[in-house]
Amino acid sequence: MITVFFGKPGTGKGTQAKMLEQASGLPAIATGDVLRKALREGTPLGLQAKSAMERGDLVPDDVILGIMKEALTSPEAIRGAILDGVVRTVPQAEGLERTLNELGRPLSRVLVFDLPNEEIVRRLSGRTVCEQCQTPYTGREPGSVCPNCGGKLVRRKDDDPDAIRNRLAVYERDTAPVLDWYRRRDGGKLVTIDASGTPDAVLAQVRRALAL
Ligand code: AMP
């Protein structure tokens, strides 16, 4: 089962992808996590992505398509995968479709996480993430210990107000058109998730949408 988690930044896709990974055993593939790890480790991929990520701009499609293909063909993804924030432009949606056709695997669902912008800004500006396992938290201070893995919680550089504004603008310009693309091709696969509830309430909707 291949599922795309789609939506603006800060709608809880990452939290939900990690919760569903635990509940279902399907791996969560998050291009943002892969890129942040590369950046920390100073690999060529990380260096290539650094400035775009810090500004809140998108990383080039060919870079993302390479990460996506590698992850989808890995043995962990044999039963399926949760693609978290992976499809952010129309060329990425086309590339995912090509890759899945090559692999002979259908796309099951596209879950669209919906949340008003004021709530997104509130959540992102209070967010910390674990440096190690990348789990996001609200209401925990930078420097405290991750309850999940014992790593250190930090603020993301792209969670500062200017970068948040830019990420929302980039969403409207480059990512929102992907929804129309899916509506035209695969309308029945789109399911809207009301992302305003507690993490458990949102997870219940997600599981219902995927019959998991
Ligand atoms: P995220 O953790 O999903 O918010 O991603 C953090 C940053 O990584 C984004 O603001 C982009 O700079 C980059 N990124 C992650 N996924 C993608 C993608 N699918 N396309 C382009 N850039 C991405």
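For the structure, see preceding data.
This text gives an overview of the structure that appears in the document. (Residues numbered from 1 in each chain as written. Predicted model: local features only at pLDDT ≥ 70, side-chain atom pairs only at ≥ 80, totals over all residues. Heavy atoms only, no water.)

Core analysis: the biggest nonpolar cluster contains 25 residues, and Val-4, Leu-72, Leu-83, Leu-96 and Tyr-182 have the highest contact counts within it. The greatest single-element share of this core, amounting to five residues, is contributed by helix α7 (residues 161–186). Leave out the neighbours within four places in its chain, and Tyr-182 touches Val-4, Val-87, Ala-93, Leu-96, Leu-107, Val-110, Gly-187 and Leu-190. Of all hydrophobic cores here, the second largest spans 19 residues; its members include Leu-124, Ile-193, Val-206 and Ala-209. (Core = buried A, V, L, I, M, F, W, Y, C linked by side-chain atoms within 4.5 Å. Buried < 20%, exposed > 50% of the residue type's maximum accessible area, 1.4 Å probe, protein only. Helix = DSSP H or I, 4+ residues; strand = E, 2+ residues; numbered from the N terminus. Contact = heavy atoms within 4.5 Å.)

What follows concerns the sheet that holds strand β6 (residues 136–138). The sheet built from three strands is open, its strands ordered β6-β5-β7 with antiparallel pairing. Edge positions in the sheet fall to β6 and β7 (153–154), since each of these pairs with one other strand and no more. The pairing of strand β5 (residues 127–130) with β6 spans three bridges and is antiparallel. Directly across from Thr-128, in β6, lies its bridge partner Tyr-137. (Pairing = 2+ DSSP bridges.)

What follows is about the site of the ligand. The immediate surroundings of the ligand are formed by 16 residues, with Thr-31, Asp-57, Val-86, Arg-88 and Gln-92 found nearest. Between the ligand and Arg-36 there is a distance of 3.0 Å, counted from an oxygen atom to a side-chain nitrogen or oxygen. Here Arg-156 contributes a side-chain N or O atom positioned 3.0 Å from an oxygen atom of the ligand. Protein chains shield 95% of the accessible area of the ligand, which is 470 Å² for the free molecule. (Near = heavy atom within 4 Å. Polar contact = N/O pair within 3.5 Å; in protein donor to acceptor, adjacent residues only side chain to side chain. Areas by Shrake-Rupley, 256 points an atom, 1.4 Å probe, with all protein chains shown as cover.)

Nothing here speaks to function; it is all geometry.
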